[in-house]
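One-letter residues, chain by chain:
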Amino acid sequence: MRRLEPGLKAGRLDAADYAKNFSDLHPRFGDHEALVASDRCYFCHDAPCMTACPTAIDIPMFIRQISTGNPIGAAKTIFDQNILGGMCARVCPTETLCEEACVRNTAEERPVEIGRLQRYATDIAIEEGRQFYRPAASTGRTVGIVGAGPAGLAAAHRLAMHGHQVTIYEAREKAGGLNEYGIAAYKTPNDFAQKEVDYILSLGNIDVLDGQMMGRDFTLADLQAKHDAVFIGAGLGNVNGLNIPGAKINGVLDAVEFIAHLRQASDKADVPVGRDVVVIGGGMTAIDAAVQAKLLGAENVTICYRRGKEHMNASEFEQDLATSKGVHIRHWLQPKEVAHHGGHCSAITFEYTHLENGLMKGTGHTTEIKADQILVAIGQKLDGQGLDGLKVEGGKIAIDAEGRTSIPGVWAGGDCAFGGQDLTVSAVAMGRDAAESINRSLAVATAGVSAVA
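If you're wondering where the values come from, they're calculated on a predicted model, not measured in any experiment.

Caption draft 1: Expanded view of the packing of helix α2 (residues 31-38) against helix α4 (residues 59-67). Two elements in contact, α2 and α4, have axes separated by 8 Å at closest approach and are oriented at 130°. It follows that α2 is oblique to α4 by the angle criterion. As α2 runs across α4, the sense of the crossing is left-handed. Residues Ala34, Leu35 and Ser38 of α2 touch α4, and the partners they reach there are Ile63, Ile66 and Ser67. The residue makeup of the contact of α2 with α4, split by class, is four nonpolar, two polar and no charged.

So, in structure tokens, the structure goes:
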């Protein structure tokens, strides 16, 4: 059977298996299901779920609107705070945000399904093409945005609403950022990321220039000369490499690249995967890569993390999801060397670790795990190309409370900015809030010009 052959192989499964494996993780509620789920909400006056949401969506309000048969009104309540509410409903770790704060947990140990209710409302609005907003009268001001990811799109939408003309410079061939390239395929099937982008751009006043990379095709100074303000939402363009012997051997691949390739494949059967796959890391990228390797037909998939379960960045829900799909998660292991045969990886050696006085240290004892594919998910970092002159803090662009950088007229937000939580929802909040700051700044400048005139 092709499924059991060692090495990187495409087409390990039947077509029906691929369709089943990469179907929607949480299918959308039907109308009756949504009414039943919304009826569980207490509609708290001082709702802790709303406080726990980085974009401060009025959750009790939109759930009440669903409960009264008004999903379109609910969608507007959501979009007023989070224009990417559809994607956030799919990928946000609601189990550690709004749903963790839900008071239903106290009474029933089961929260209101806020994320699925949010998806129900936003999906209906997008499918029906309900555009709730239109640009204000033109201000004559232009804003350049670097990156068409969640932060850039949220900033662009809010700025366009205020009447500014926005141009987004995107390095890849499609807009969407990690929503398009970095989210597990089973969380966003049916090309939803692009449908959401199209919905946002339908507002008007926003142009997207694809294939434009800062530092290669333009500089920050170029944007400053061309636009009245600049927002940088470029994400984290570089990845941390595996600095051990054998790390460059064929079969060792960055997990982000693996996920992006899978997301863009027209046929999942064309994506090769190993029989024995090892994923290194403890975050969401590691989980997404491991689960998808298993869904592609890998027989054995193991996540290895250098610390304990309680230290993993991936939520407990995501860890449980991985194990439910047959992924084996092992802790207290750090990679030491990749073995190879015929120029392709064949195994990887790990050293057992432990904590000593609060610091992780190796024990000197090792173990070897067979691997014909190794996916590395040990974090991403800022690509500093073209960012000369910007102050950097903690490896990210330094910003103040309003998203302003060290250079006047330049704002930043999302994963590339210090304080970002590497979540779609926090990137949206940062982009939206920076846009409001930019708008205030441009309004002051415009008023000053009028006064002089």
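Caption draft 2: Region of interest: the nonpolar core. Within the largest apolar cluster, 66 residues are counted, with the highest numbers of intra-cluster contacts made by Ile59, Phe62, Leu117 and Ile145. Counting only domains with at least three residues in this core, you end up with domain 1 (29-126) and domain 2 (140-235 + 381-449). With near-sequence residues (within four places) excluded, isoleucine 145 lies in contact with Gly152, Ala155, Ala156, Leu159, Val166, Thr167, Ile168, Tyr169 and Phe231.

Caption draft 3: Expanded view of the side chain of serine 38. Considering the arrangement of structural elements, one finds serine 38 in helix α2. When residues no more than four places from it in sequence are discounted, the contact partners of serine 38 are Phe43, Ile63, Ile66, Ser67 and Leu117.

Caption draft 4: Structural context of the pattern of salt bridges. Scanning all chains against the criterion turns up 25 salt bridges. Aspartate 400 is paired through a salt bridge with arginine 404; the nearest N and O atoms lie 2.7 Å apart. For aspartate 400, a relative accessible area of 31% gives the class partly exposed. By relative accessible area, which is 39% here, arginine 404 ends up partly exposed. Between arginine 440 and glutamate 402 there is a salt bridge, and its shortest N-O distance comes to 3.3 Å. Separated by 38 residues along the polypeptide, arginine 440 in helix α17 (residues 424-452) and glutamate 402 in the loop between β16 (396-397) and β17 (410-412) bring together distant segments of the chain.

Caption draft 5: Fine view of the domain arrangement of the protein chain. Split by domain assignment, the protein chain resolves into domain 1 (29-126), domain 2 (140-235 + 381-449) and domain 3 (240-378). Spacing between the C-alpha centres of domain 1 and domain 2 amounts to 27 Å. Listed by partner, the interface residues are 20 residues for domain 1 and 22 residues for domain 2. Between domain 1 and domain 2 the total buried area reaches about 1800 Å² when both faces are included, carbon and sulfur atoms providing 75% of it. The largest share of the area that domain 1 buries against domain 2 comes from Ile83, Leu84 and Met87, three residues that together contribute 36% of it. At the surface where domain 1 touches domain 2, the tally comes to zero salt bridges. Where domain 1 meets domain 2, there are five residue pairs in polar contact (both at pLDDT 80 or more). Every element with two or more residues in the side of domain 1 that touches domain 2 is listed here: α5 (71-81), α6 (85-91) and α9 (114-127).

What counts and what doesn't
Residues numbered from 1 in each chain as written. Predicted model: local features only at pLDDT ≥ 70, side-chain atom pairs only at ≥ 80, totals over all residues. Heavy atoms only, no water. Axes fitted to C-alpha atoms, helices over the stretch in contact; angles between N-to-C directions. Helix = DSSP H or I, 4+ residues; strand = E, 2+ residues; numbered from the N terminus. Parallel < 35°, antiparallel > 145°, perpendicular 65-115°, else oblique. Left-handed = near helix turned anticlockwise from the far one by under 90°. Contact = heavy atoms within 4.5 Å. Nonpolar A, V, L, I, M, F, W, Y, C, P; charged D, E, K, R; others polar. Core = buried A, V, L, I, M, F, W, Y, C linked by side-chain atoms within 4.5 Å. Buried < 20%, exposed > 50% of the residue type's maximum accessible area, 1.4 Å probe, protein only. Domains from an automatic or database assignment. Salt bridge = Lys/Arg side-chain N within 4 Å of Asp/Glu carboxyl O. Buried area = accessible area lost by both parts, 1.4 Å probe. Polar contact = N/O pair within 3.5 Å; in protein donor to acceptor, adjacent residues only side chain to side chain.

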